[in-house]
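The primary structure of each chain is shown beneath.
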Amino acid sequence: IPKYLLNSYRRLISSLRESGVEKEHIIFVCFDDAGSSSATTLNILRDEAHLENQEFHLVDARDLDKLSSLTFSLGDGVLVYVDDFIGSGKQLTGNMSFVRKHLQGNFAESVLAICICEEAAGKLEELGVTMASEICHRIQERPLHENCSLFLPKEKSRLINLCSKVAPPCGLGMLKMATM
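The text that follows walks through the structure, step by step, so that each part is easy to find. What you see is a predicted model, and the numbers here were worked out from it, not measured in a lab.

Attention now moves to the packing of aromatic side chains. Applying the stated rule across the entire model yields three aromatic pairs. Seen in terms of ring centroids, Tyr9 and Phe28 are 6.2 Å apart; in terms of plane orientation they differ by 45°. Their pairing is tilted. Taken together, the positions of Tyr9 in helix H1 (residues 2–18) and Phe28 in strand S1 (residues 26–30) put the pair 19 residues apart, joining distant regions of the chain. A relative accessible area of 6% places Tyr9 in the buried class. We classify Phe28 as buried; its relative accessible area is 0%. With a centroid separation of 6.4 Å and an interplanar angle of 80°, the aromatic rings of Tyr9 and Phe56 are classed as edge-to-face. You can see Tyr9 sitting in helix H1 and its partner Phe56 sitting in the loop between helix H2 (37–49) and strand S2 (57–60), a full 47 residues away along the chain. Grouping aromatic residues by their ring pairs yields a cluster made of Tyr9, Phe28 and Phe56. Its end group placed over the ring of Tyr4, Lys3 keeps NZ or CZ at 5.7 Å from the ring centre.

Rules behind the numbers
Residues numbered from 1 in each chain as written. Predicted model: local features only at pLDDT ≥ 70, side-chain atom pairs only at ≥ 80, totals over all residues. Heavy atoms only, no water. Phe/Tyr/Trp six-rings, centres within 6.5 Å; stacked < 30°, edge-to-face > 60°. Helix = DSSP H or I, 4+ residues; strand = E, 2+ residues; numbered from the N terminus. Buried < 20%, exposed > 50% of the residue type's maximum accessible area, 1.4 Å probe, protein only. Lys NZ or Arg CZ within 6 Å of the ring centre and 35° of its normal.

This is the structure we're talking about:
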């Protein structure tokens, strides 16, 4: 996991530098509860990429005082939301909407994740959010997804039925995305 995360991080930082963004104006953001995968992924990135030694800013999106104060003092920059896996994008975009209300300045948004599902990538592109990820989990790579045709309908139905017994009610995970 650290290898994929670091590769995505290096690509993102290189792209931001080429765009003229100084590292002092880059804020890495984790969201949701302290034990969430976002916080854990940011901690791994912090340690593996030595973010604190490079004096990057790290913020928990729930620390509104710090977020507001930091964005006010910087005035502009890039928020980099960090997570391991972005499925539908609903959780992430909800957190982004929450954070935006507390920004004090002009900030672009990026997402750094190990894996981003095709559905989320589409939503993020529509919002103008840049993405850095080693893996795009495409619908056609998920044999049980309703829009994938790797199995004949009868075989697919049988497998979905088995999955629903293992993980009721539908066995295909959140929003029936078949990412499990």
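After that view of the structure, there is still more to cover.
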